[in-house]
Every structure is written in C-alpha cells, then in structure tokens.
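Chain by chain, the residues run as shown.
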Amino acid sequence: MKELTHTQIAARVAQKLMQIKAIKLSPQNPFTWASGLKSPIYCDNRIVLSHPDIRQIVLDGLVEISETFRPFDVVAGVATAGIAHGALLANALDLPFVYVRNKAKGHGRRNQIEGELHGGERILVVEDLISTGGSCLQAVEALREARTHVCGVLAIFTYGFEKADHAFEEANCPFMTLTDYHTLIQEAVSSQYINESDLLSLGTWRKDPSSWSASLEK
C-alpha cells in the first residue's frame, strides 16, 4: 500500500467499499437517512470491520495518509463509527488513543472524552464518514476545549458537500479522506455498477440533496 499514490488509494478503497456493500448506490430505490432526506447513496463503513482483508487495506490507507498530518502524538476516534478505525490506526502507529462522545455522559465521571489527556497533546481525529462535518467538528471543539491541539481530521469517505468544506474552513481544521464521492462514481461507472441515467441522478443529488429528495415527494 505504501507504494500507492493518494489517487490510487482512493480508487482502491472505493472499489472495496462497493464490493462489500459498505457503500450502496440505488438512485431508483433511494435510501432514507436519519434526517428524513431521501438519498441515492448509503454509506456504512462499519461493515469494513467484518472483512479482515479490506479492513487491512483501509488501515494501510489511514497509516499512509496520516503522515500528512505529522507531527501528532495521540489519535482520537469520533464516537461511534470512528472509534474502531481510530483505535486500529493508533495501534498501528503505536500511539495513545482516546475517543470523543457527541456529548458528555450523564453519569459517572460525566466524560465527553474517554481516555487520558493532560493538555498540550497534538491530536489526529479519525472519523469514518464526513457528511456535513457537524458531528466531527463537535469532537474537534471538545478536544480543543481540553487544551489540546488538533492537527486535523482523517476519514474514510466524504460526500464532498460544500457545506462540509465551509464548516471545516471556518473551524480552521484541515481534513483528508481515503476516498470520496467523485472517485466512487468514477469507479462505479468503470465497473458498470451504474448506468447513464443513474449517473445523471447521482450528479443532481450531489449538487442539491434536499431538492433531489423533495422532488421524489411530488
């Protein structure tokens, strides 16, 4: 994996995510997200954990791309889906690991950050998926409030929404992903996973997910 460029890593990871159906494309029979929006794509990178060979490919990619954020001395996973991938990366790099909840627990020590931090650490945040960036940036803010320095965010996949790009820019937090929506669509076309009409629909959704979803209700 270390001989591969970022572009090659992106293509390979996209292929593997589709292969195990961690990412599904279904413009004709869209999925319903938790927000209620209809979507032609569904991503669940937790499925990667059940496939040791692909899990290793993803981990190799995380190790490779993480070098971009050096130096850092702690890896933090975003609960819940980023925890396992973050822990695997921390183990591969022989670094401490913590994880960040979406809010503090209501009992016990009432922690939002689980693990040991003293302040001043340089932290790489790991997430499985970047949609709007909201949950991930909540974790970044919690780590900053704990007097640590966040070097950036590393995730497996991003939809590439402008809203997320703007949110990370406003938060002054760089981020990178192993693969992305554009690469995924390229690989889906190459493998004949989707046809021309699907491609048009996927492009329309990518530009305006809310309007695409609303059009299905008419």
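Here, the structure is the one placed above.
The notes below deal with the structure included here. (Residues numbered from 1 in each chain as written. Predicted model: local features only at pLDDT ≥ 70, side-chain atom pairs only at ≥ 80, totals over all residues. Heavy atoms only, no water.)

Regarding its fold elements, the protein chain presents eight helices and 10 strands. The C-alpha radius of gyration of the protein chain comes to 18 Å, within 12% of the 17 Å expected for a compact globule of 218 residues. Projected onto the principal axes, the alpha-carbon positions of the protein chain cover approximately 55 × 40 × 30 Å. Taking all 218 residues of the protein chain together, the buried fraction comes to 45%. Total accessible area on the protein chain stands at roughly 11100 Å², and carbon and sulfur atoms take up 48% of it. Charged side chains in the protein chain number 21 positive and 25 negative. The centres of these two groups are separated by 6 Å. (Helix = DSSP H or I, 4+ residues; strand = E, 2+ residues; numbered from the N terminus. Rg over C-alpha atoms; globule rule 2.2 N^0.38 Å. Buried < 20%, exposed > 50% of the residue type's maximum accessible area, 1.4 Å probe, protein only. Areas by Shrake-Rupley, 256 points an atom, 1.4 Å probe, with all protein chains shown as cover. Lys, Arg positive; Asp, Glu negative; His and termini not counted. Charge placed at Lys NZ, Arg CZ, Asp CG, Glu CD.)

Time to look at the side chain of glutamate 121. Here glutamate 121 is to be found in the loop between strand S7 (113–114) and strand S8 (122–130). Lacking a salt bridge, the buried glutamate 121 has arginine 147 as its closest oppositely charged neighbour, with an N-O distance of 7.3 Å. A polar atom in the side chain of glutamate 121 sits 2.6 Å from the backbone nitrogen of histidine 118. Among all residues touching glutamate 121, those that are not within four sequence positions of it are Asp73, Val74, Thr148 and His149. (Salt bridge = Lys/Arg side-chain N within 4 Å of Asp/Glu carboxyl O. Polar contact = N/O pair within 3.5 Å; in protein donor to acceptor, adjacent residues only side chain to side chain. Contact = heavy atoms within 4.5 Å.)

Our focus in this paragraph is helix H1 (residues 6–19). Taking 1.5 Å per residue as the helical rise, H1 with its 14 residues ought to reach 20 Å, and the 20 Å between its terminal C-alpha atoms agrees with that figure. Taken residue by residue, H1 has Ile9, Ala10, Ala11, Val13, Ala14, Leu17 and Met18 as its buried positions. Taken together, the buried residues of H1 touch strand S1 (23–25), helix H2 (52–66), strand S9 (149–158), strand S10 (175–180) and helix H6 (181–190). Positive backbone phi, at 65°, marks lysine 21, one or two positions downstream of H1. (Expected span 1.5 Å × (residues − 1).)

A word on the packing of aromatic side chains. For the coordinates displayed, the defined rule picks out nine aromatic pairs. A ring pair is formed by phenylalanine 31 and tyrosine 42, whose centres lie 5.7 Å apart and whose planes are at 40°; its orientation type is tilted. With a gap of 11 residues between them, phenylalanine 31 in strand S2 (residues 31–32) and tyrosine 42 in strand S4 (residues 41–43) connect regions that are remote in the sequence. On the numbers, 5.3 Å between centres and 35° between planes, the contact of tryptophan 33 with tyrosine 159 is tilted. Note that tryptophan 33 is positioned in the loop between S2 and strand S3 (38–39) and tyrosine 159 in the loop between S9 and helix H5 (162–170), a separation of 126 residues in sequence. (Phe/Tyr/Trp six-rings, centres within 6.5 Å; stacked < 30°, edge-to-face > 60°.)

This part takes up the sheet that holds S10. Adjacent strands of a sheet form backbone hydrogen bonds with each other and so pair up, either parallel or antiparallel. Reading across the sheet, the six strands line up as S7-S6-S5-S8-S9-S10 and stay open at both edges, with mixed pairing between neighbours. What marks the edges here is a single partner per strand, and that holds for S7 and S10. Across four bridges, strand S5 (residues 74–78) lies against S8 in parallel orientation. Its bridge partner being in S8, glycine 77 is matched across the sheet by valine 126. Packing against the sheet, H1 makes contact with S9 and S10, and its axis sits at approximately 55° to S10. Relative to the sheet, H2 contacts S8, S9 and S10, its axis offset from that of S10 by approximately 145°. (Pairing = 2+ DSSP bridges. Axes fitted to C-alpha atoms, helices over the stretch in contact; angles between N-to-C directions.)

What follows covers the environment of phenylalanine 69. Inspection of the secondary structure puts phenylalanine 69 in the loop between H2 and S5. In this structure phenylalanine 69 comes out as buried when scored by relative accessible area, which is 8%.

With that settled, consider the nonpolar core. Ile41, Leu89, Phe157 and Tyr159 are the most contacted members of the largest nonpolar core, which has 44 residues in total. Ranked by residue count, the leading element in this core is H2, at seven residues. Not counting chain neighbours up to four residues away, the residues in contact with tyrosine 159 comprise Trp33, Ile41, Cys43, Leu129, Ile130, Ser131, Tyr181, Trp205 and Arg206. Core analysis: the next-biggest nonpolar cluster, separate from the first, contains 21 residues, Val98, Ile113, Leu143 and Ala155 among them. (Core = buried A, V, L, I, M, F, W, Y, C linked by side-chain atoms within 4.5 Å.)

Turning our eyes to something else, we now look at the pattern of salt bridges. Using the criterion set out here, one finds four salt bridges in the structure. A salt bridge links aspartate 44 to arginine 46, with the nearest nitrogen and oxygen atoms 3.0 Å apart. Taking the relative accessible area as the measure of exposure, aspartate 44 reaches 18% and is therefore buried. In this structure, the salt-bridge partner of glutamate 67 is arginine 70, at a minimum N-O distance of 3.4 Å.

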